[in-house]
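# Remarks on the overall topology
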Amino acid sequence: MKKAVLKLISCLLTLTLLFSFIPTSGIYANAASSQLEVIKEAKEDYSSGSPAGDWGTAIYKDGLYWGYFHNAVQNHIRNKDQKMPRKELTITYKNGKKGRADLWKRVGDYTYIWELKPLSYAFPPKLYSAVSQLSGYVDSDPSYRYGNTYDINILSDSFIIGLYKISYACENNGLIFYWFERLEPRPEKDPVLVPDPVPVEEKEKIKEINLKTAKVVVFGVTYDSMQS
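A brief structural summary. Everything quoted here is computed from the prediction, not taken from an experiment.

Our focus in this paragraph is the overall build of the protein. Broken down by element type, the protein carries six helices and ten strands. The buried share of the protein, taken over its 228 residues, is 38%. Of the contacts made within the protein by residues no fewer than 6 positions apart, 50% connect residues no fewer than 24 positions apart.

As structure tokens, this is what we get:
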């Protein structure tokens with residue numbers, strides 16, 4: 001039953017993503033492109049030598065979708081800082097191409113930008129592509145700044161959602177790397193054994209035996225009432 005529910009949820013999430021991919025406007029098209037990038041990066045992380053976690057179990061056993069952990073970290077960070085916008089920031093590169101910053105925050109005259117990646121992007125050669133992507137964002141506008149600079153910080157953290165503990169580390173260059181681990185389900189407590197009810201016939205026998213073996217005290221002298 002649990003597996004069926006997980007599969008149903010996974011199908012609904014997939015349909016939601018598919019509908020969001022319909023390019024009815026530039027905004028929706030950019031959002032769809034961003035999710036496709038998240039899925040692509042998660043799959044690349046899965047096949048890397050230093051994956052963020054056990055993707056095989058998460059996707060094929062637990063029925064999660066490829067963007068699950070990325071989106072969970074985004075929401076966790078946004079929930080901690082209510083001033084951080086809930087939507088990604090659409091950015092136009094100097095060459096005219098579009099991109100979307102995962103996290104951003106406007107403070108005074110500047111916008112601070114962060115990019116979220118699975119763990120394998122913390123190491124070369126994927127690290128170079130992550131740095132290049134974020135640099136392209138920051139260089140596209142003079143008011144843009146790298147996150148976690150000038151004391152505008154996102155702190156590293158971890159949290160539990162469902163069966164998973166998700167952790168993320170924030171570097172001093174605006175890059176955030178996440179990883180996850182599956183928690184073992186808590187073992188069920190040993191069942192409490194309830195004795196079978198004593199039949200009425202047995203109760204009468206016990207009562208009779210108790211009466212026969214009862215002791216009576218008369219004027220300080222104890223007498224057995226054992227009947228032969």
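What follows is about the pattern of salt bridges. Under the criterion given, the structure shown has eight salt bridges. Glu88 is the salt-bridge partner of Arg100, the closest N and O atoms lying 3.1 Å from each other. With a gap of twelve residues between them, Arg100 in strand S2 (residues 98–101) and Glu88 in the loop between helix H4 (68–80) and strand S1 (89–92) connect regions that are remote in the sequence. Arg100 sits in the buried class, given a relative accessible area of 14%. Of the residues examined, Glu88 reaches a relative accessible area of 13% and is grouped as buried.

The subject of this paragraph is the nonpolar core. Soluble globular proteins tend to pack their nonpolar side chains together in the buried interior. Core analysis: the biggest nonpolar cluster contains 29 residues, and Trp55, Phe69, Ile154, Tyr168 and Ile176 have the highest contact counts within it. Elements that contribute at least two residues to this core include exactly helix H2 (26–46), helix H3 (55–61), H4, strand S4 (110–118), strand S7 (164–170) and strand S8 (175–182). When residues of this core are assigned to their parent elements, the largest contribution, five residues, is made by H4.

Here Thr57 shows up in helix H3. Judged by its relative accessible area of 19%, Thr57 falls in the buried class. Filtering out sequence-adjacent residues up to four positions away, Thr57 remains in contact with Asp62, Tyr164 and Arg182.

As a further point, take the packing of aromatic side chains. A complete count under the given rule lists twelve aromatic pairs for this structure. An angle of 80° between the planes, with centres 5.0 Å apart, marks the rings of Trp55 and Phe180 as edge-to-face. In this pair, Trp55 sits in helix H3 while Phe180 sits in strand S8, placing the two residues 125 residues apart along the sequence. The same class applies to Trp55 as to Phe180, namely buried. Through successive ring pairs, a cluster of aromatic residues spans Tyr46, Trp55, Tyr60, Tyr65, Trp66, Tyr68, Phe69, Tyr164 and Phe180. Across from the ring centre of Tyr121, 5.6 Å away, lies the NZ or CZ of Lys117, which sits over that ring.

What counts, and at which threshold
Residues numbered from 1 in each chain as written. Predicted model: local features only at pLDDT ≥ 70, side-chain atom pairs only at ≥ 80, totals over all residues. Heavy atoms only, no water. Helix = DSSP H or I, 4+ residues; strand = E, 2+ residues; numbered from the N terminus. Buried < 20%, exposed > 50% of the residue type's maximum accessible area, 1.4 Å probe, protein only. Contact = heavy atoms within 4.5 Å. Salt bridge = Lys/Arg side-chain N within 4 Å of Asp/Glu carboxyl O. Core = buried A, V, L, I, M, F, W, Y, C linked by side-chain atoms within 4.5 Å. Phe/Tyr/Trp six-rings, centres within 6.5 Å; stacked < 30°, edge-to-face > 60°. Lys NZ or Arg CZ within 6 Å of the ring centre and 35° of its normal.

In short, geometric facts, not functional conclusions.
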